[in-house]
Amino acid sequence: MTDYVADFRAHGYAIVRGFFSPAEVAAIGAAMDQVYAEGVAHGRSFRHGNLFYTVRPGPDGAPHVPMVQWPSYHVALLNQTRLDPRWATLLEPLIGRDIKQIINQLHWKLPDRSGDFAWHQDAKSRRPAEAYRNLGSSYVQTGLAIDPHNPGSGGMRFIPGSHTRGALPLDPAASLGRSPEDSALDAAGLSPEDQVDLILEPGDIALWSPYLVHASGTNTATHLRRFYINGYVRAEDCDRGEWTFRDGQPVALGAEQALVHYEQLRERPEPHFV
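Residues numbered from 1 in each chain as written. Predicted model: local features only at pLDDT ≥ 70, side-chain atom pairs only at ≥ 80, totals over all residues. Heavy atoms only, no water.

(A) Region of interest: the overall build of the protein chain. Each helix and strand counted, the protein chain has six helices and 15 strands in total. The C-alpha atoms of the protein chain give a radius of gyration of 18 Å, which matches the 19 Å a tight globule of 274 residues would have. Principal-axis analysis of the C-alpha atoms gives the protein chain an extent of 50 × 45 × 40 Å. For the protein chain, with 274 residues in total, the buried portion stands at 54%. The contacts of the protein chain with a sequence gap of at least 6 include a subset with a gap of at least 24, amounting to 81%. Carbon together with sulfur atoms contributes 53% to the accessible area of the protein chain, which is approximately 11,600 Å² in total. Charge-centre separation for the protein chain: the mean point of 25 positive side chains lies 4 Å from the mean point of 32 negative side chains. (Helix = DSSP H or I, 4+ residues; strand = E, 2+ residues; numbered from the N terminus. Rg over C-alpha atoms; globule rule 2.2 N^0.38 Å. Buried < 20%, exposed > 50% of the residue type's maximum accessible area, 1.4 Å probe, protein only. Contact = heavy atoms within 4.5 Å. Areas by Shrake-Rupley, 256 points an atom, 1.4 Å probe, with all protein chains shown as cover. Lys, Arg positive; Asp, Glu negative; His and termini not counted. Charge placed at Lys NZ, Arg CZ, Asp CG, Glu CD.)

Structure, rendered in structure tokens:
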């Protein structure tokens, strides 16, 4: 393993190769396929508490599921994956042994432009802001490649070192479905020539800062590109999220879901279409 801690602090991201084995990746991929089929069967966006299926028409008009949030409430294997003790060991040098989780997402990128994501920073999506303290040093986003993740499959692009610039004038709310444009980088005082492609094989993971400027282009492959994202945060710096590790030990989900991003969790927790 390379010195991922030094890479993360210097560049705003790091890559760890072969974090999950081929057999583990195959099992996780099968669980993702199950969740995708459930979303298609719903036919439109569907919520049950924090569990949320985003469903919209694909290029052929059939339902497509670009993202599911918090599938771990529903699928045991995906829950086991986010709680794997290897994460605790990996994250300890960065954010300690007491860790919560605020992102648990499955992503599928269709071979079209609907999944393009313009340049943005994840930090601006951490709302309400007062619930997230010391965000630049307390939060680590992770992505597990289930399929090859590269420019051909619409993989992510990073601007190394951009995490040191703090919040920049990039709007995440206006990013989904928009192609990355060099003009957005120019306007933020960044050089388009600095961008690098994230290249991962199945089982590899990437870690990145919430202030790292990143984007993703069009999937020109002939298959969905699957990516399992989990975002972890130092517990003392976050008022929201599910406890994931206490003193480095996995914490099981409780009987009641924790408040994360769904503001009506207590008022409308029941299953419903959106």
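(B) Fine view of the sheet that holds strand S6 (residues 117–120). If you trace the four strands from one edge of the open sheet to the other, you get S6-S11-S8-S9, paired in antiparallel fashion. The open sheet has two edge strands with one neighbour each: S6 and strand S9 (196–197). Judged from the two bridges that link them, S6 and strand S11 (residues 214–216) form a sheet pairing that is antiparallel. In the strand pairing of S11, His120 is matched with His214. (Pairing = 2+ DSSP bridges.)

(C) Focus on the packing of helix H1 (residues 4–11) against helix H4 (residues 85–95). Look at H1 against H4: their axes get within 10 Å of each other, and the N-to-C directions meet at 45°. As summarised for this structure, H1 and H4 are arranged oblique, according to the angle between their axes. Seen along the crossing, H1 lies across H4 with a hand that is right-handed. Contacts from Tyr4, Val5, Phe8 and Arg9 of H1 reach H4 at Thr89, Leu90, Pro93 and Leu94. For the contact of H1 with H4, the class distribution of residues is six nonpolar, one polar and one charged. (Axes fitted to C-alpha atoms, helices over the stretch in contact; angles between N-to-C directions. Parallel < 35°, antiparallel > 145°, perpendicular 65-115°, else oblique. Left-handed = near helix turned anticlockwise from the far one by under 90°. Nonpolar A, V, L, I, M, F, W, Y, C, P; charged D, E, K, R; others polar.)

(D) Representation of the pairing of strand S3 (residues 51–57) in the model. In terms of burial, S3 is a largely internal element, five of the seven residues being buried. As paired elements, strand S2 (residues 46–48) and S3 share three bridges and run antiparallel to each other. Across the sheet, residue His48 finds its bridge partner in S3, namely Leu51. Of the pairings in the sheet, the one linking S3 to strand S4 (residues 63–69) comprises five bridges and is antiparallel in character. Of the residues in S4, the one forming a bridge with Phe52 is Gln69. Linkage of S3 to S4, two consecutive antiparallel strands, is achieved through a turn of five residues, within which Gly61 is found at a positive phi near 90°.

(E) Broad picture of unusual backbone geometry. Here Arg127 and Pro128 are connected by a cis peptide whose omega angle stands at 0°. A positive phi angle, near 50°, is found at Asn134, a position not held by glycine. Positionally, Asn134 belongs in the loop between S6 and helix H5 (135–138). Exposure remark for Asn134: the relative accessible area of 49% places this residue in the partly exposed category. A positive phi is found at Asp247, a non-glycine position, where the angle reads about 50°. Here Asp247 shows up in the loop between strand S13 (242–246) and strand S14 (249–250). The exposure class assigned to Asp247 is partly exposed, which follows from its relative accessible area of 49%.

(F) Representation of the packing of aromatic side chains in the model. Under the counting rule described, the total for this entry stands at 11 aromatic pairs. Ring geometry for Trp87 versus Tyr232: centroids 5.7 Å apart, planes at 40°, classification tilted. With Trp87 in helix H4 and Tyr232 in strand S12 (residues 225–234), this residue pair connects regions lying 145 residues apart in the sequence. What makes Trp87 buried here is its relative accessible area of 1%. We classify Tyr232 as buried; its relative accessible area is 0%. Members of the aromatic cluster, each reached through a chain of ring pairs, are Phe19, Phe20, Trp87, Tyr232 and Phe245. (Phe/Tyr/Trp six-rings, centres within 6.5 Å; stacked < 30°, edge-to-face > 60°.)

(G) Inspection of the layout of surface pockets at higher detail. Of the voids in this model, the largest pocket is the one considered here, and its volume is about 1,000 Å³. Along the walls of the largest pocket sit 43 residues, with Met67, Gln69, Gln105, His107 and Phe117 positioned nearest its centre. Among the secondary structure elements, those contributing two or more residues to the lining of the largest pocket are S3, S4, strand S5 (99–109), S6, strand S7 (139–145), S11 and S12. In terms of residue count, S5 provides more of the lining of the largest pocket than any other element does, seven residues in total. (1 Å grid on protein atoms, 1.4 Å probe; cavity = no way out; pocket = protein on both sides within 12 Å on 5 of 7 lines; lining within 4 Å. Points joined across faces, edges and corners; volume = space filled by probe spheres on them.)

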